[in-house]
Amino acid sequence: MKGKKENVLEELVRAGSLLSRELEFKSLISTLVDQSLDITKSDISCLYISKNSDIRTDYSLIHRRGKYPVPNELTAENTIVRFIAESCESVVFLKRREHIFQDILLNDQMESGIALPIFTPKLKLGTLILNSKVPFFYNRGKFKFLRSEEHTSELQSHSFISYAVFCLKKKK
């Protein structure tokens, strides 16, 4: 049988391990949001995480960077939240206008945005949303990793099909 000191020591080690994992997670989140803003030169970078594993759940803001106010929560009724949760596809919104995806703009001063799903093969975690005050900010020039017109065309076609399916589901 273990003594009281050994039990306390085990609890301290366990608590320290849990705390260090928590700090690593916070550091990872911070790095993701901060570097996304720095690399893209966006005006806002926000990471929203789903409140539970249900596909129809609200998303909570867990880290943001940028000087503009943004919502602390995106509801399950939000078109961007629903589309990304159902399709795991990114959304690019080039210019402010009436559109099904206009919710991607988190602040009235923003003109263009991109929403990127964050997920593992087993779990949909949330979405990273970047916004810019500049219209057409997230254009082809920002996506230099797309090496060929064929790949770009294939990606656009896949996104269009996902969008069409989403719209059909919404009508039902």
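Let me sum up the structure you'll find in this document. (Residues numbered from 1 in each chain as written. Predicted model: local features only at pLDDT ≥ 70, side-chain atom pairs only at ≥ 80, totals over all residues. Heavy atoms only, no water.)

1. Thoughts on the overall build of the chain
Regarding its fold elements, the chain presents three helices and six strands. When the elements of the chain are put in sequence order from the N terminus, they spell out α-β-β-β-α-β-β-β-α. The long-range fraction of contacts in the chain, counting pairs at least 24 apart against all pairs at least 6 apart in sequence, stands at 51%. For the chain, the exposed area adds up to about 11300 Å²; of that, 57% sits on carbon and sulfur atoms. (Helix = DSSP H or I, 4+ residues; strand = E, 2+ residues; numbered from the N terminus. Contact = heavy atoms within 4.5 Å. Areas by Shrake-Rupley, 256 points an atom, 1.4 Å probe, with all protein chains shown as cover.)

2. Examining unusual backbone geometry
For residues besides glycine, phi is generally negative; the peptide bonds are generally trans as well. Backbone geometry at Cys 88 places phi at a positive 55°, although glycine is not the residue there. Its location among the elements puts Cys 88 in the loop between α2 (79–87) and β4 (91–93). Cys 88 sits in the partly exposed class, given a relative accessible area of 22%. Even without glycine at this site, Phe 136 takes up a positive phi of about 60°. By the secondary structure assignment, Phe 136 is in the loop between β6 (124–132) and α3 (149–171). (Buried < 20%, exposed > 50% of the residue type's maximum accessible area, 1.4 Å probe, protein only.)

3. Notes on the pattern of salt bridges
Between side chains of opposite charge, pairing is possible as soon as their charged atoms come close. Overall, the coordinates contain two salt bridges when judged by the stated rule. A salt bridge links Asp 38 to Arg 65; the nearest nitrogen and oxygen atoms lie 2.7 Å apart. You can see Asp 38 sitting in helix α1 (residues 4–40) and its partner Arg 65 sitting in strand β2 (residues 59–65), a full 27 residues away along the chain. Asp 38 gets classed as partly exposed once you look at its relative accessible area, which sits at 38%. (Salt bridge = Lys/Arg side-chain N within 4 Å of Asp/Glu carboxyl O.)

4. Points about the pairing of β6
Of all nine residues that make up β6, seven are buried, and the element is covered over most of its length. As paired elements, strand β1 (residues 44–50) and β6 share six bridges and run antiparallel to each other. Looking at the pairing, Tyr 48 lines up with Thr 127 of β6. Pairing of strand β5 (residues 112–119) with β6 involves eight bridges; the strand directions are antiparallel. (Pairing = 2+ DSSP bridges.)

5. Some details on the sheet that holds β6
Pairing between the strands of a sheet is mediated by backbone hydrogen bonds and can be parallel or antiparallel. Across the sheet, six strands lie side by side as β3-β2-β1-β6-β5-β4; this open sheet has antiparallel pairing. Every interior strand has two partners, whereas the edge strands, β3 (73–74) and β4, have only one.

6. With respect to the environment of Asn 139
Topologically, Asn 139 is positioned in the loop between β6 and α3. Note: C-alpha distance between Asn 139 and Phe 93 (46 residues apart in sequence) is 9.3 Å. Among the polar contacts made by the side chain of Asn 139, one reaches the main-chain carbonyl oxygen of Phe 136 at a distance of 3.0 Å. (Polar contact = N/O pair within 3.5 Å; in protein donor to acceptor, adjacent residues only side chain to side chain.)

7. Focus on a nonpolar patch on the surface
Taken together, the side chains of Val 92, Leu 94 and Phe 136 present a nonpolar region at the surface, about 240 Å² in accessible area. Note that Val 92 resides in strand β4. Classification of Val 92 by relative accessible area gives partly exposed; the value is 40%. (Patch = residues over 30% accessible without salt bridge, like charges linked within 9 Å, V, L, I, M, F, W, Y side chains within 5 Å.)

8. What to know about the nonpolar core
Residues Tyr 48, Val 91, Ile 104 and Leu 106 are the most contacted members of the largest nonpolar core, which totals 22 residues. Elements supplying a minimum of two residues to this core: β1, β2, α2 and β4. Looking at this core, the element that brings in the most residues is α2, giving five residues. Beyond its immediate sequence surroundings of up to four residues, Ile 104 is in contact with Ile 80, Val 91, Phe 93, Gly 113, Ile 114, Ala 115, Ile 129 and Asn 131. (Core = buried A, V, L, I, M, F, W, Y, C linked by side-chain atoms within 4.5 Å.)

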